[in-house]
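These are the residues of each chain, in order.
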Amino acid sequence: MPLVSALPLPLQTVWLIPLYGFSGMVLSLPWATGWIKRNGPRPAAYLNLLVTLLAVLHGSLVIREVMQLGPQHLSFPWFQADDLQLRIGFDLSLTNLAALELVTFMSLVCQVFGLGYLDKEWSLARFYGLVGFFEGAMSGVVLSSSLFMSYFLLEMLTLSTYLLVGFWYAQPLVVTAARDAFLTKRVGDVLLLMGVVALSAWAGSMEFNDLYAWAATANLPPLAANLLGLGLIAGPMGKCAQFPMHLWLDEAMEGPNPASILRNSVVVTCGAVVLLKVMPLLQAAPLATTVLLAVGAISAVGGALVAIAQVDLKRAFSYSTTSYLGLVFIAVALQQPGIALLLLFAHGLAKALLFMSVGSIIATTNCQDLTELGGLGGRMPATTVAYLVGGAGLVGLLPLGCFWCYGLIVESIRPAAPLMAAVFILTNLLTALNLTRVFRSVFLGSPTPKTRRAPEVNWLMATPMVSLSVIVLLLPWIMQRLDPVPGIGSFSLPVALVIAGSGAAGVVAGSQVHLDRFWSRSRQQAVRVVQDLLAFDFYTPAIYRATIVAFVAALANLASWFDRVVVNGLVNGIGRVSLISAEGLKLGVSGQMQTYVLTTLVAIVLLFSAMQWWFG
Amino acid sequence: MLTLLLLIPLLGAVGLGLWPGNPDAAMVRRAAIALLVVQLLASLRVLLAFDPGVGGMQLQEGISWLGSLGLEYRLGIDGLSMPLVLVNGALSLVAAIASRDVQARPRLYFALLLVISGAVNGAFLANNLLLFFLFYELELIPLWLLISVWGGANRAYAATKFLIFTAVSGVLILGAFLGLAFTTGSVDFSLSPVTSEHLAMASQMPLLLALLVGFGIKIPLFPFHTWLPDAHTEASTPVSVLLAGVLLKLGTYGLLRFCMGLFPQAWAELAPGLAIWAAVSVLFGSLAAIAQRDMKRMVAYSSVGHMGYVLLAAAAATPVSLLGAVFQMVSHGLISALLFLLVGAVYRATGTRDLEVLRGLLNPERGLPLTGSLMIVGVMASAGLPGMAGFISEFLVFRGSLNAFPVATLLSMVGSGLTAVYFLLLVNRAFFGRLAITPRDPQSGPIDIRLPALNLIDQLPSLALAGAVVVIGLWPASLGDISEAATNGMALMPVLLAAAGSGGLG
């Protein structure tokens, strides 16, 4: 490893990149806390945009240098105690840097979009501060070269998700959404922490490279290896909103839309990047791989199905995120990390575009209920185009981003895991169906009272949306440059036809589905049962409330009862007995000397005989 | 130099107590704050003179007091007591600053506060068992008075409970110290460890058990914790800050210094049981905290849970886990002090701590936004979110203990996850939502309220504590460097003893 000081300046100072985001948070403080009240909170937003722009520029400089010098590794000591070495490390590979550029660029785009979307928000500065924190943590996660640092920053992501979801904390739904987001992720994080601590204790180092070397030679008992593997995948599962920890993403849609854009595109990507980084450690844990596959498949198909039954505009797409990340999980579990990254990239951009379009609709109509929308097609041309491009980028039908990913993955897993290939095709079909259905409700049909006078959004929202549309259209070309070997089109024609066919079938099915504004629940009993099942997410929230939540609550009540009745009762009982016996003894006072002497004598005799019996 | 840390508060207490005339409460408070600032500066001077590279006691000073009894005035400081002395200095100052509402008998109140601060310093610095015991008991009576005179409605019950529990703890500790002197036949009461060559394991065990229960009451560990929630609920905010931040640390300090330090071999025998005890304590404290409605009780139960980590770390007794124990003591001191200050601020503004009543306090205009933001920092730190002191402490404890006691460590980590549950409940209920109070009559609907804004000056102690929590979290070496040599030495002690016992140190 070359000396840090020998590297070009942009590489030497790469540690600044996460700090740009964090500094944005600090810079927003004067406005967020209300110390500066003049001229409104806008300056905080501008400062954040500025530091994010710096991060993007710095990142592209680093990419240029790394293309010339090859991958670099930087690390700085942080804390050391006995045999424990914790270092801050950055892995500057092209993959990581591409993810970094995705994160910082999306953050920039969302912040511009947010200026329009949150135009009248009184706590704009707080929002931008939180987004800065968010961005800093994400840039750190994708660059990090050590498991410890990844964990550290993933937890910060959990915290900032909590605060961003809870942004409008006065609303009751937001309160529960923020709580669920934090607790679900926290469950994953605590399991991940168990894995991190175990690896730290067993392997010594926390650097990924050392861990890979250790994993190759370590001879763990199967139970320990499997538990370790499960712990390591639990964190990414929570972050990527995978079954059974998928609830939070849907509820998180209560937060402001610009944050939803980030959450559905890049935050889940961060979780998946961490999964990719821990994947080589799971060699000895077949159980973990099986779980990954199962979780991915359930999330992919289940998420796509549940999305179809949603009447909320944002939720219809948040479940689709769960579904696509499920596909990524399958790809990772089947040892296809390259394709997984491409899929993450393509999905991230297309989903962000879709969410921008959704945000525009919500901003102009103040409505996100599908049954109350309609006829927006001609009224909001940029938004419509963005929706169409985003949707096309997401499904395998037109030759945009995800089509090539679908082709690659189906081609490569078809021989070994035909079932999983079928999952991909089914998900594609269901996603196309969902997108078509939502398109019909929102953009086609007759205008409703809420959409009759909807104008196109202002330039602050339109500019990022249009630019991102262009990028999504150009994505195949970018992917070609990112991953030249073996080329993104290296799959056979039948596979391509099957994928395009499934996409087309989905579109046709979506255009035939019966949509009724007034009867959003079907009148046929059988259809209605299925519809409710999906609309309520297979009743997962209710199942959780009845099982795990009830269990913890019961344990807590039991502990509290035990504390009050048994422990405290015992203590009070002893106190009461002493008081009562003292009261009783008080009455035995006679005032006669003889009685006292006699009592004393008897006591001494008893004491001595007891001692005699005890020791003799 | 160390004697100064005792003289400033104790003489100051005498001075305040003898203050002639009828001084204004604010005047007395200012004088006490000045004294405590001087004490904190003196502690910082000790830190400058302190050499972190030395593992054992340093800056020792002493005179023979009652030599025939074995009571000697010997002070010394090492990497275990140095951070605790600093925390004591800082939190005593915070407590004095937070004692704004004290109007009745200010001279006595602040004198007692100073006595506690001095006695705690003395206990941390004492190098003689009897001297430690004297200081340990000296802190008890003032605290009892502080609760029973300036406490809440049910203070008599809580204060008596506290007094009886802690007195029993003191008796057990004194009994163990005296028993040690009788069984070994020497009366020097020094801090040198006892080996099985001098004293049979059968005699070591009861002595160690007595010490364990004695300090276990103080820490407190399940099932001896029942005095703590009551004492906290009835104590005023500054007293709670001192109680949680400093006085509980006497228990864990005693655990490390005396239980482990005096009986390393017996300790190693008991360690597996102690780890389970720690896990039970952690889980019980966390679960009981979930069911609480009173914010202060919730924070008090969280102490039961979080102090359990120290026992776990001490049971594992590896270099990393012992360093983690010191980290946990310091960060729990800072975090729980912060939480109690904030709960106190909420109580002052709203007159209640009931989580069923409080709502939406984060409201920026009519609520307590700064208190709410700091509360989020505090609860996240307590839940072990990285970037704050709680995380690195827990990480060190778990990392150090996992190999020795995997099951107990994993259970304790579950407890760490439960912390997030109850503190999130606290923030969600009290600070999120719409700012309104629910009236007793459910028909009339919630009433909008406007809370008085708190002065920024009043919030300075909380801001400073939150700052310290973040600094330790981001720059753990600041604390680690002070303590590492000492904890490494303590972790190696059993090894050295074993080597000495087998006839050579190599």
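Counting restarts for each chain: residues are numbered from 1 in the order of the written sequence. Chain letters start at A and ligand numbers start at 1, both assigned in the order the entries are written. This being a predicted model, a pLDDT of at least 70 is required before a residue's local features are given, and a value of 80 or more before pairs of side-chain atoms are given or counted; all residues contribute to the totals for chains, interfaces and linings.

Let us now look at the overall build of chain A. Regarding its fold elements, chain A presents 22 helices and two strands. Seen along its three principal axes, the alpha-carbon backbone of chain A occupies a region of about 110 × 65 × 60 Å. Neighbour counting defines burial: a residue surrounded by 20 or more other C-beta atoms within 10 Å of its own C-beta is buried, one with 12 or fewer is exposed, and intermediate counts give partly exposed, using backbone-placed C-beta atoms. Evaluated residue by residue, chain A yields a buried proportion of 53% over its 616 residues. Here, residues touch in the contact sense if the C-beta positions derived from the backbone fall within 7 Å of one another. Taking the intrachain contacts of chain A between residues at least 6 apart in sequence as the baseline, contacts between residues at least 24 apart amount to 82%. The way it works is that DSSP assigns letters per residue, a run of H or I at least four long becomes a helix, a run of E at least two long becomes a strand, and they are numbered from the N terminus.

Another aspect to go through is the overall build of chain B. If you tally the helices and strands in chain B, you get 18 helices and two strands. Atoms considered for the radius of gyration are the C-alpha atoms alone. The globule rule reads 2.2 Å times the number of residues to the power 0.38. Relative to the 2.2 N^0.38 estimate, which gives 23 Å for 506 residues, the radius of gyration of chain B is 22 Å and therefore close to what a compact globule would have. Along the first, second and third principal axes, the C-alpha atoms of chain B reach 80 × 60 × 40 Å. The burial tally for chain B puts 60% of its 506 residues in the buried class. Partitioning the intrachain contacts of chain B with sequence separation of at least 6 by distance along the chain shows that 79% fall at a separation of at least 24.

This paragraph deals with the interface of chain A and chain B. Interface size is commonly expressed as the accessible area that is lost once the parts come together. Every contact between the two is made by 36 residues of chain A and, on the other side, 39 residues of chain B. Within the residue set of the side of chain A that touches chain B, elements represented by two or more residues are β1 (72–81), α6 (147–165), α7 (172–203) and α21 (540–587) of chain A. Tallied by class, the residues present in the side of chain A that touches chain B amount to 25 nonpolar, six polar and five charged. Polar here means any residue other than Ala, Val, Leu, Ile, Met, Phe, Trp, Tyr, Cys and Pro, which are nonpolar, and Asp, Glu, Lys and Arg, which are charged; Gly is therefore polar.

Let us look at the domain arrangement of chain A. Domain start and stop positions are those given by an automatic or database domain assignment. As assigned here, chain A comprises domain 1 (146–535) and domain 2 (544–577 + 589–615). Taking only C-alpha atoms into account, the centre of domain 1 of chain A sits 60 Å from that of domain 2 of chain A.

Another aspect to go through is the nonpolar core. Nonpolar side chains tend toward joint burial in soluble globular proteins. The nonpolar core is taken to be a set of buried Ala, Val, Leu, Ile, Met, Phe, Trp, Tyr and Cys residues joined by way of C-beta atoms within 7 Å. Among the nonpolar cores identified, the biggest contains 409 residues, and Val328 of chain A together with Cys259, Leu312 and Val469 of chain B are the most heavily contacted of them. Per-element tally for this core: the top contributor is helix α13 (residues 319–350) of chain B, with 19 residues.

With that settled, consider helix α6 (residues 140–150) of chain B. Since one α-helical turn is 3.6 residues long, residues separated by three or four positions face the same way. Of all the residues in α6 of chain B, the buried ones are Pro142, Leu143, Trp144, Leu146, Ile147 and Trp150 of chain B. Tucked inside the fold, the buried residues of α6 of chain B contact α4 (106–125), α7 (155–184), α9 (227–234) and α10 (237–262) of chain B.

Let us now look at helix α2 (residues 16–32) of chain A. All names here are of chain A. Expected helix span is taken as 1.5 Å per residue step, with the number of steps being one fewer than the number of residues. Counted at 1.5 Å a residue, the expected span for α2 with its 17 residues is 24 Å, and the 23 Å between its end C-alpha atoms agrees. Regarding α2, the residues found buried are Ile17, Pro18, Tyr20, Gly21, Phe22, Gly24, Met25, Leu27, Ser28, Trp31 and Ala32. Where α2 is buried, its residues contact α3 (42–69), α4 (94–117) and α5 (124–143). Note on α2: the residue one or two positions beyond its end, Gly34, has a positive phi of about 85°.

This paragraph deals with the environment of Leu275 of chain A. Residue and element names in this part refer to chain A. Structurally, Leu275 can be placed in helix α11 (residues 257–278). Leu275 gets classed as buried once you count the C-beta atoms within 10 Å, which come to 26. Separated by 280 residues in sequence, Leu275 and Leu555 place their C-alpha atoms 33 Å apart. If near-sequence neighbours (up to four positions away) are discounted, Leu275 is found in contact with Ile233, Pro236 and Val332.

With that settled, the discussion passes to the environment of Phe340 of chain B. Residues and elements named next belong to chain B. Following the sequence through the fold, Phe340 ends up in helix α13. Given 31 C-beta atoms within 10 Å, Phe340 falls into the buried group. The sequence separation of Phe340 and His232 amounts to 108 residues, and the corresponding C-alpha distance is 9.2 Å. Beyond its immediate sequence surroundings of up to four residues, Phe340 is in contact with Thr237, Ser240, Val241, Ala244 and Val299.

What is expected of a backbone is that most residues other than glycine have negative phi and most peptide bonds are trans. With omega at 0°, the peptide bond leading from Phe243 of chain A into Pro244 of chain A counts as cis. Going from Ile219 of chain B to Pro220 of chain B, the amide bond is cis rather than trans, its omega being -10°. Inspection of the secondary structure puts Pro220 of chain B in the loop between α8 (201–218) and α9. Located in the positive-phi region is Leu59 of chain B, a residue other than glycine, with phi close to 55°. For Leu59 of chain B, the location among the structural elements is in strand β1 (residues 58–66).

Another aspect to go through is the packing of helix α3 (residues 81–98) of chain B against α13 of chain B. Residues and elements named next belong to chain B. Fitting a line to C-alpha atoms yields each axis, with helices limited to the stretch in contact; the angle taken between N-to-C directions then spans 0 to 180 degrees. Two elements in contact, α3 and α13, have axes whose closest approach is 10 Å; the angle formed by their N-to-C orientations is 5°. Considering the angle they form, α3 stands roughly parallel to α13. For the pair α3 and α13, contact is made by Pro83, Leu84, Val87, Leu91, Val94 and Ala98 and by Val326, Met329, Val330, Gly333, Leu334, Ala337, Leu341 and Gly344, respectively. In terms of residue class, the contact of α3 with α13 is built from 12 nonpolar, two polar and no charged. Between 65 and 115 degrees an angle is taken as roughly perpendicular, under 35 as roughly parallel, over 145 as roughly antiparallel, and anywhere else as oblique.

All names here are of chain B. Two strands pair if DSSP finds at least two bridges between them. The sheet contact formed by β1 and strand β2 (residues 71–77) spans six bridges and is antiparallel. Within the sheet, the bridge partner assigned to Gln58 lies in β2 and is Ile77. Counting the residues between successive antiparallel strands, the hairpin from β1 to β2 contains four residues, one of them, Gly70, with a positive phi of roughly 85°.

This part covers the packing of helix α15 (residues 381–394) of chain A against helix α18 (residues 459–482) of chain A. Residue and element names in this part refer to chain A. It is the contact of α15 with α18, at a shortest axis distance of 9 Å, that shows an interaxial angle of 30°. It follows that α15 is roughly parallel to α18 by the angle criterion. The interaxial crossing formed by α15 with α18 has left-handed handedness. Side by side, α15 and α18 meet where Ala382, Val385, Ala386, Val389, Gly390 and Gly393 of the first sit next to Ala462, Met465, Val466, Ser469, Val472, Leu473 and Leu475 of the second. In the contact of α15 with α18, the residues fall into 10 nonpolar, three polar and no charged. By convention, the crossing between two helices is left-handed when the near helix turns anticlockwise from the far helix through less than a right angle, and right-handed when the turn is clockwise.

Attention now goes to the environment of Val190 of chain A. Mapped onto the elements of the fold, Val190 of chain A is located in helix α7. Given 25 C-beta atoms within a 10 Å radius, Val190 of chain A is considered buried. Taking the C-alpha atoms as reference points, Val190 of chain A and Ala386 of chain A, 196 residues apart in sequence, are found 39 Å from one another. Contacts of Val190 of chain A, omitting those with residues within four sequence positions, involve Met413, Ser416 and Gly417 of chain B.

All names here are of chain B. For chain B, per-residue confidence averages 87 on the pLDDT scale, and residues scoring 70 or more make up 94% of the total. pLDDT expresses how confident the predictor is about each individual residue, on a scale running from 0 to 100. Of all helices and strands in chain B, the one with the weakest mean pLDDT is helix α18 (residues 477–501) (77), whereas α3 scores best (94). Low pLDDT, under 50, characterises residues 502–506; the stretch is placed with four contacts to residues that sit more than four places away or in other chains. The ipTM assigned to the predicted complex is 0.91, against a pTM of 0.92.

On average, residues of chain A score 89 in pLDDT, and 98% of them are at 70 or above. Element-level mean pLDDT values for chain A span from 85 in helix α1 (residues 9–12) of chain A up to 94 in α15 of chain A.

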